[in-house]
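# A closer look at the structure
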There are 2 protein chains.
Amino acid sequence: MVQYIHTPFDASFAALSDATRRGVLEQLGRGDASITDLADKFHMTLTGMKKHVGVLERVGLVTTEKVGRVRTCKLGLRRLEEEAAWIEKYRQLWDARFDGLDEVVEELKRKESLDGRKG
Amino acid sequence: MVQYIHTPFDASFAALSDATRRGVLEQLGRGDASITDLADKFHMTLTGMKKHVGVLERVGLVTTEKVGRVRTCKLGLRRLEEEAAWIEKYRQLWDARFDGLDEVVEELKRKESLDGRKG
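What comes next is a walk through the structure. (Residues numbered from 1 in each chain as written. Chains lettered and ligands numbered in written order. Predicted model: local features only at pLDDT ≥ 70, side-chain atom pairs only at ≥ 80, totals over all residues. Heavy atoms only, no water.)

Of note, B:G48 is situated in helix α4 (residues 46-58). A sequence separation of 33 residues divides B:G48 from B:E81, and the C-alpha atoms of the two residues are 28 Å apart. (Helix = DSSP H or I, 4+ residues; strand = E, 2+ residues; numbered from the N terminus.)

Printed below as a string of structure tokens:
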């Protein structure tokens, strides 16, 4: 049985699975912006942009603050460390797996070549 | 206007946004497995596991091969390189942004301290 632990990765990877939301994160990485600015930049309605910002806010990737009529968005405290670590761990497993296959192929080639010499 | 390019990240991050699918990838990183094995390990119906494997297969994270009645799953050729690179780029933006904020806070503290001395 595999240990199956529900992690907040579900929500963060889902938040990253949309090109507009990734674009918003990159944009906020360059400077804070209002919802209106973001809606303009991504050619989107205010309502549509509010939904995307809401998804990012719920997973801690964005924080917002309303001053007067303007809601300003900033990068949140989440730095995607665990997500980067998961992907890195996966890539190590992947490398080990494919290195293993390379060795099997090499071994088969060596045997074939030896059999060739015998015959 | 921000350049908005639709990338296959949408599908790969969505594929990673489920704990069972991440678990399947880790499991296949340790060795190939049949759909039945995977369904057993994750306490899931065959139909449910087939759906998850289908999602992973469509984005190139898994390949499957049917021999007789058994469909064997292996890791696909996709190594999540671009996804790792996107997250790394984001973390650099994040670091720069928060370092910037640290400097503003330090500057404010210095001014406060100078004002304190003057007063």
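On to the side chain of A:D10, then. Structurally, the position occupied by A:D10 is in helix α1 (residues 9-16). A polar atom in the side chain of A:D10 sits 2.9 Å from the side chain of B:R22. Setting aside residues no more than four positions away along its own chain, A:D10 makes contact with B:S17, B:D18, B:A19 and B:R22. (Polar contact = N/O pair within 3.5 Å; in protein donor to acceptor, adjacent residues only side chain to side chain. Contact = heavy atoms within 4.5 Å.)

Overlaying chain A on chain B yields an RMSD of 0.1 Å, the required transformation being a rotation through 180° with an accompanying axial translation of 0.0 Å. Put plainly, the chains are arranged around a two-fold axis. Comparing interface residues between copies, 100% of those in chain A also sit at the interface in chain B, which points to an isologous, same-surface contact. (Least-squares fit on C-alpha atoms with pLDDT ≥ 70 in both.)

The next subject is the sheet that holds strand β3 (residues 70-75) of chain B. All names here are of chain B. The three strands are arranged β1-β3-β2 in an open sheet whose pairing can be described as antiparallel. The strands lining the two open edges of the sheet, one partner per strand, are β1 (33-34) and β2 (62-67). Contacting β1, β2 and β3, helix α2 (residues 19-30) runs over the sheet at an angle of about 90° to β3. (Pairing = 2+ DSSP bridges. Axes fitted to C-alpha atoms, helices over the stretch in contact; angles between N-to-C directions.)

Here the focus is the environment of B:F9. Residue position: B:F9 is located in helix α1 (residues 9-16). By relative accessible area, B:F9 is classed as buried at 12%. Separated by 98 residues in sequence, B:F9 and B:E107 place their C-alpha atoms 39 Å apart. If near-sequence neighbours (up to four positions away) are discounted, B:F9 is found in contact with A:R22, B:A14, B:E82, B:E83 and B:W86. (Buried < 20%, exposed > 50% of the residue type's maximum accessible area, 1.4 Å probe, protein only.)

Purely geometric stuff here, so don't read any function into it on its own.
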